[in-house]
Structure formats: C-alpha cells, structure tokens
Amino acid sequence: MNEKTDFTQGSILKKLAYFMIPILGALVLQAAYGAVDLLVVGRFGSTSGLSAVSTGSQVLNLVTFVVTQLAMGITVLIARYLGEKRSEAIGPVIGGAEVVFALISAGLFVLMVCFARPISVLMQAPAEAVDLTSGYVRICGSGIFFIVAYNLLSSVFRGLGDSRSPLLFVLIACVVNVIGDLALVAGLHMDAAGAALATVFAQAVSVVCAVVMLVKKGLPFTITKKDFRLNPQCRKFLGIGLPLALQEFLTQVSFLALCAFVNRLGLEASSGYGVACKIVNFAMLIPSALMQSMASFVSQNVGAGNTKRAKRAMFTGIGVGLVFGCAVFALVMLKGDVLAGFFSTDAAVVQKGFEYLKGFAPETILTAVLFSMIGYFNGNDKTLWVMVQGLVQTLLVRLPMSYFMSIQPNASLTWIGLAAPTSTAVGILLNIVFYIYLNKKTPGKRAQKA
C-alpha cells in the first residue's frame, strides 16, 4: 500500500474525500449513462419508447445493483487482507470471484433473454409499450456478461484502494453510450432498442479497458492459474456479499413493484415516474459514494485493529452527507419540475415526475445518515444485520405504504413517493439501536488505535 491508499493513518476527512471523490465521479457518470438513454429517447423517440426505457431500466438496475452488492464482499475482503498485510490471499479471492460471477452471468443471460416478455408483463408495462420493453430487456440481457464483468473489476480496484480506475472506465462507457444513443436513437430512429444496444456496446468497451489496465497495473499480489476455481475464499466473500445482495434484490424488487403500481395509473404516470427515478439516481449519488467508500475505509482499519478510527470515519461520513443532502433537498423540492423538464417535453409527464419528487425529497437528507451507517457495518462484516434492517424497511414499510397509497381514489404520486423517506427513517432508528448494542457488547475487544 502507498500513502494514498493506506486508510489507517492521516486525516480521516482528507483520506475519505480522496477515495470517495472518484467513486462519486463514477456514480455521476453511471447515472448520466442511464439518464442519457431516457433523455435521448424522450427527445427523439416515442412516449411508448420512453415508458419502455423507464420500465426496462428498472429491471437492469435490479441486476446491476444486486451484482454490485454481491461484489462488495470482494472489496471488503481485499481491503481486509491489505490491512492485515496478507496480500498472498488476494489472488485466490479474485480467481474464485471470476468463476462465481461467470456462473451468475450465464444464469442472468438465460433469464433475461428467454423471459423478457413475461418480465415486461409482470412489470405491468403499459400495453402500448410491452413489445418495446421486452426488446430493451432482451438486448440488455444479451450483454449481461459485460455488465457483470465491469462491476467485478471495479470491486477489485476499490478493494485495492484505487477508486480512480473505475472512474476512468465508466467515463469511457458514458462517452461511447452518448455517441451510440445519438447514432441509433436520434439518427436511425431505433427508439428503445437503440438505447439498449448503445448501453451494451458501451459496457463492452469499458470492460476491455478495465482488463487491460488490471494486467498493466503493478499489483501487490500474484494470480496463478490454480486460483481460478471454486476455492475457500469464495465462501468468505459470498458470506459477506450474499446478505447484501439479497437485501438489495428485495429492495430493488420493491422498486419494481412500485413501478408496477405506478404503471397501473397510466402512460403519463409511468413515464413521469421514470423521469423522476433518473433524477432520484442523481440525488442519491453522494450517499451511495459514501457507503461504498466507507466499506473499504472501515474494513482496512478493522483489519489493522483501528476500530476507534473506523467509528470516527462513520461520523465524518454522516456529517459530509448531511451538508450535501440539505442542498440537494432544496433543489429537488423547489426546482423538481425544471429538472424533470430536461428529460421530457410533455407537460403532463413533467408534472407527474414533479409530483413524485415532492414526496421523495426528504430521502435526500435521511440517506446521508443511513448509508454511512450501512457502509460502516459492511466494513465490519455485519452484512447479515444490513440485510435484516433492509428487509424490515422494504417489506414492512416501503412496499405496503406505496401499495396502499397507489390504490387510493385519485392516487397521488407525492404520497407514493413519501414511502421512501418513511422507510429510511425506520432504518436509521434500527441502526442506531444496533450500533449501541454492538458498543455495549464488545467494548475494547480490539486495539483502539487513533
């Protein structure tokens, strides 16, 4: 480890910011990546195409976010071994991960390609958009190997304390995607299918770049042919990542269900919700960056025995998140209609999107607290707890509340949007109780280095 990737000493705020900013940049570009699809289709495609991209991207988000959370186990384990100065154990982690994620990719390929239409129907895509939605899901499913590979490679780099390389990869993908969208959607008028093809090709280019950089990078470990098998390290990173993946899966399923609830309200509501979701993706960037960077930061310090520093990092992250969260809240609450107007010229769609954002707005503040705490627990291998609290939020609060609001006479997207911050507030309370419990249960268990 060099000084910049050694999180066990130096200013917490400076080190955390240095590591987090490239992650934030990558997340901004990923959000822009998806937003460009919606923006170009909204400008040059049809309303049905806009709904198809909105619904289909929800399916793709489910896959991507679940894979990202599963790969978090790899990031945490690599960072832990670096903190413990056991670099010889990293090669088997990466080799085993490649085998596991290749198997996952094969399963997702079959599911998304062969069952694209049933998935679209299950999502209750509007009748006018079912065919376009099916095509979008099928094309993205055909390129799922590249999407999974990108997230796997990014998790390896972040575990090594390198958050800048993934930023470069997604920048390349974003540029290629913009060119592809303009050529296929605006130029050839391929509507939702063009957006899907641009997405797959862009991911393929980024994966090639990531592989080349990993091969050329001076690594603090070696990988041999015998590492590429189902080895004992697979159980370790799956033990960390699986609870997170399951929790993320059910969370994303709840958002898919919410999308289905909204789709029943008509094409304008469906498109408006899709526009709002793209804005929400941007609003959640800083909390998400904090959560991802916090896991690596905390895990490395826990591996080195610096538990006090790990706790201080969590509170530093909460403070940073709150400052930005309040600013984003004001922007979304006061100018949500202007933001929605970037994605659609249809006044009714813009209005529906703004309605949802009004209810969702408090989430931008609450997640600053929740995501930093989740990152801290992830770095401490408390991923089973993260899963449990996530399931409580999803199954007992967000999903029932959004469904109840959607079936009311003259259902309002504002009240449906309010389900998100309500469930997050419950999650914060649960995590505070768990944090207090842990501190009472294991005081002084590890060395308390500053």
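Residues numbered from 1 in each chain as written. Predicted model: local features only at pLDDT ≥ 70, side-chain atom pairs only at ≥ 80, totals over all residues. Heavy atoms only, no water.

## Details of the overall build of the protein
Working step 1: When helices and strands are counted, the protein shows 17 helices and zero strands.
Working step 2: Scaling as 2.2 N^0.38, a compact globule of 450 residues should have a C-alpha radius of gyration of about 22 Å, and the protein matches this with 21 Å.
Working step 3: Expressed along its principal axes, the backbone C-alpha trace of the protein runs to roughly 60 × 45 × 35 Å.
Working step 4: Here the protein holds 450 residues, and the buried ones make up 60% of them. (Helix = DSSP H or I, 4+ residues; strand = E, 2+ residues; numbered from the N terminus. Rg over C-alpha atoms; globule rule 2.2 N^0.38 Å. Buried < 20%, exposed > 50% of the residue type's maximum accessible area, 1.4 Å probe, protein only.)

## Some remarks on helix α6 (residues 144-159)
Working step 1: Its 16 residues place the ends of α6 23 Å apart at the C-alpha level, agreeing with the 22 Å of an ideal helix rising 1.5 Å per residue.
Working step 2: Taking burial as the measure, the 16 residues of α6 include 13 buried ones, the bulk of the element.
Working step 3: Positioned one or two residues after α6, Gly161 has a phi angle of 85°, which is positive. (Expected span 1.5 Å × (residues − 1).)

## Quick word on unusual backbone geometry
Working step 1: You will see that Asp191, though not glycine, has its phi angle at about 55°, which is positive.
Working step 2: Secondary-structure assignment places Asp191 in helix α8 (residues 191-216).
Working step 3: For Asp191, a relative accessible area of 13% corresponds to the buried category.
Working step 4: If you check the backbone angles, Asp381 has positive phi at about 65° while not being a glycine.
Working step 5: Along the chain, the position of Asp381 falls in the loop between α14 (363-379) and α15 (383-406).

## As for the environment of Leu182
Working step 1: Along the chain, Leu182 falls in helix α7 (residues 164-187).
Working step 2: Among the residues examined, Leu182 registers a relative accessible area of 43% and is labelled partly exposed.
Working step 3: A C-alpha to C-alpha distance of 7.1 Å links Leu182 and Val40, two positions 142 residues apart in sequence.
Working step 4: In contact with Leu182, not counting residues within four places along its chain, are Val40 and Gly187. (Contact = heavy atoms within 4.5 Å.)

## Remarks on the environment of Ile179
Working step 1: Counting through the fold element by element, Ile179 comes out in helix α7.
Working step 2: Take Ile179: its relative accessible area is 54%, and that puts it in the exposed class.
Working step 3: Separated by 23 residues in the primary sequence, Ile179 and Ala202 place their C-alpha atoms 9.4 Å from one another.

## Digging into the packing of helix α10 (residues 267-283) against helix α13 (residues 347-360)
In helix packing, the relevant descriptors are the interaxial angle and the interaxial distance, both defined with respect to the helix axes.
Working step 1: Contact geometry of α10 with α13 gives a least axis separation of 7 Å together with a crossing angle of 50°. By the angle between their axes, α10 is oblique relative to α13. Here α10 and α13 pass one another in a crossing that is right-handed. Within the contact between the two elements, α10 uses Glu268, Ala269, Ser271, Gly272, Tyr273, Val275, Ala276, Ile279 and Val280 and α13 uses Ala348, Val349, Lys352, Gly353, Tyr356, Leu357 and Phe360. (Axes fitted to C-alpha atoms, helices over the stretch in contact; angles between N-to-C directions. Parallel < 35°, antiparallel > 145°, perpendicular 65-115°, else oblique. Left-handed = near helix turned anticlockwise from the far one by under 90°.)

## Section: the nonpolar core
When a protein is soluble and globular, its nonpolar side chains tend to lie buried together.
Working step 1: Membership of the largest hydrophobic core comes to 123 residues, with the highest contact counts inside it found for Ile74, Ile78, Phe101, Tyr136, Phe237, Tyr356 and Phe377.
Working step 2: Take this core: its biggest share by element is 18 residues, from helix α2 (residues 47-83).
Working step 3: Apart from the residues within four sequence positions on either side, Ile74 is in contact with Val93, Ala97, Phe101, Leu152, Ser155, Val156 and Phe237.
Working step 4: Ala26, Leu29, Tyr33 and Val176 belong to the second largest nonpolar core, which has 16 residues in total. (Core = buried A, V, L, I, M, F, W, Y, C linked by side-chain atoms within 4.5 Å.)

## Quick look at the confidence of the model for the protein
Working step 1: On average, residues of the protein score 85 in pLDDT, and 96% of them are at 70 or above.
Working step 2: This stretch, residues 444-450, has a pLDDT under 50; its non-local contacts, to residues over four places away or in other chains, come to 15 contacts. (pLDDT = per-residue confidence, 0-100.)

## Notes on the pattern of salt bridges
Working step 1: Evaluated as defined, the whole model comprises three salt bridges.
Working step 2: With a closest N to O distance of 3.1 Å, Arg80 and Asp381 form a salt bridge. Taken together, the residues span a long stretch of sequence, with Arg80 in helix α2 and Asp381 in the loop between α14 and α15 at a distance of 301 residues.
Working step 3: Asp381 gets classed as partly exposed once you look at its relative accessible area, which sits at 35%. (Salt bridge = Lys/Arg side-chain N within 4 Å of Asp/Glu carboxyl O.)

## Comments concerning the side chain of Lys15
Working step 1: With respect to the helices and strands, the residue Lys15 is situated in helix α1 (residues 12-44).
Working step 2: The exposure class assigned to Lys15 is buried, which follows from its relative accessible area of 12%.
Working step 3: Here Gln9 takes part through its backbone oxygen, which lies 2.9 Å from a polar atom of the side chain of Lys15. (Polar contact = N/O pair within 3.5 Å; in protein donor to acceptor, adjacent residues only side chain to side chain.)

## Observations regarding the environment of Leu77
Working step 1: Checked against the element boundaries, Leu77 lands in helix α2.
Working step 2: For the pair Leu77 and Phe237, spaced 160 residues apart in sequence, the C-alpha to C-alpha distance is 6.4 Å.
Working step 3: Beyond its immediate sequence surroundings of up to four residues, Leu77 is in contact with Val93, Gln233, Lys236, Phe237 and Ile240.

## Concerning the packing of aromatic side chains
Working step 1: In the structure shown here, the tally under the stated rule is 13 aromatic pairs.
Working step 2: Judged by centre distance (5.7 Å) and plane angle (40°), the ring pair of Phe109 and Phe145 falls under tilted. Of this pair, Phe109 sits in helix α3 (residues 90-114) while Phe145 sits in helix α6, and the two are 36 residues apart along the sequence.
Working step 3: The exposure class of Phe109 is partly exposed, given its relative accessible area of 30%.
Working step 4: Aromatic pair Tyr376 and Phe377: ring centres 5.6 Å apart, planes at 65°, arrangement edge-to-face.
Working step 5: For Phe377, a relative accessible area of 0% puts it in the buried group.
Working step 6: Members of the aromatic cluster, connected to one another through ring pairs, are Phe315, Tyr376, Phe377, Trp385, Phe434, Tyr435 and Tyr437.
Working step 7: For Lys358, the ring lying beneath its charged end belongs to Phe354, and the centroid distance is 4.6 Å. (Phe/Tyr/Trp six-rings, centres within 6.5 Å; stacked < 30°, edge-to-face > 60°. Lys NZ or Arg CZ within 6 Å of the ring centre and 35° of its normal.)

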